[in-house]
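Single-letter residue listing:
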Amino acid sequence: PADKEIVVTGASLADTERTLKNCLAGNCSPDADVRAAIAHAENQFVAGEYRAAKTTLKKAIGRNGKYRNQFPVELSYLYRASGRIAEHLGETDEYRLRLLDMRDTLRSNFPADDARVLSAQLEIADSRVKLGYPDNALDIYADVEKAALAVGQNQIATLAKLRAKQSAQIVLSDLTAAFLRDP
């Protein structure tokens, strides 16, 4: 109905910029820096300032990359965000490398069967599909499913299986289309 009010809350671009600047000026902790940088980059992205968002994240990686063992989860978020911006900008090598950084940061700080590491592997497989390597993705999905089942991570195993089925469908659709094109 027309009498219902919708309230949207959030920090403005100027607010997140100020928060990040204040954080840096006050020598904030690396995890606080990462949170402030991601928040500001998200606002820049929403405002259509894609290159500025990329720069914000790149600078944050430069400042905080050395803390990947002290703050692996936070750094993985930073690498993931940077990868997503790169993907949006069509920078496929940067996208691929940032996702590998994300996965490797988690992998070097947690056991291979940790849910965060397995989920990161799913993201790597997803990226392989997006980059045109569905066969490689299928192998990764199968490995994740097997590893997840071995440690009782049934939800991750199910996601791996579903994504593998989707990727197989993509391969099959591509083969069918190629077959139908060639007489």
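Residues numbered from 1 in each chain as written. Predicted model: local features only at pLDDT ≥ 70, side-chain atom pairs only at ≥ 80, totals over all residues. Heavy atoms only, no water.

Our focus in this paragraph is unusual backbone geometry. The phi angle at Asn27 is positive, at roughly 50°, despite the residue not being glycine. Summarising the element assignment, Asn27 is placed in the loop between α1 (13–25) and α2 (30–46). (Helix = DSSP H or I, 4+ residues; strand = E, 2+ residues; numbered from the N terminus.)

When pLDDT is averaged along the chain, the result is 93; 97% of the residues meet or exceed 70. The least confident element of the chain is helix α8 (residues 154–181), whose mean pLDDT is 85; the most confident is helix α3 (residues 50–64), at 98. (pLDDT = per-residue confidence, 0-100.)

What follows is about the packing of aromatic side chains. Counted according to the given criterion, the structure contains 1 aromatic pair. The ring of Phe110 has Arg116 lying over it, and the distance from NZ or CZ to the ring centre is 3.8 Å. (Phe/Tyr/Trp six-rings, centres within 6.5 Å; stacked < 30°, edge-to-face > 60°. Lys NZ or Arg CZ within 6 Å of the ring centre and 35° of its normal.)

Counting 37 residues, the largest nonpolar core has Leu57, Leu78, Leu106 and Val144 as its most contacted members. Counting only elements with at least two residues in this core, the list comes to α2, α3, α4 (72–88), α5 (92–107), α6 (115–130), α7 (134–150) and α8. Among residues more than four places away in sequence, those in contact with Val144 are Leu118, Gln121, Leu122, Ile156 and Ala160. (Core = buried A, V, L, I, M, F, W, Y, C linked by side-chain atoms within 4.5 Å. Buried < 20%, exposed > 50% of the residue type's maximum accessible area, 1.4 Å probe, protein only. Contact = heavy atoms within 4.5 Å.)

Under the criterion given, the structure shown has 1 disulfide. Two residues share a disulfide in this structure: Cys23 and Cys28, whose sulfurs sit 1.7 Å from each other. In this structure, the disulfide formed by Cys23 and Cys28 twists by about 80° around the S-S bond and is classed as right-handed. (Disulfide = S-S within 2.5 Å.)

Glancing now at the pattern of salt bridges. For the coordinates displayed, the defined rule picks out 14 salt bridges. Arg51 is the salt-bridge partner of Glu91, the closest N and O atoms lying 2.6 Å from each other. With a gap of 40 residues between them, Glu91 in the loop between α4 and α5 and Arg51 in helix α3 connect regions that are remote in the sequence. Its salt-bridge partner being Asp101, residue Arg98 comes within 2.6 Å of it at the nearest N-O pair. You can see Arg98 and its partner Asp101 sitting in helix α5, 3 residues apart, about one turn around the helix. (Salt bridge = Lys/Arg side-chain N within 4 Å of Asp/Glu carboxyl O.)

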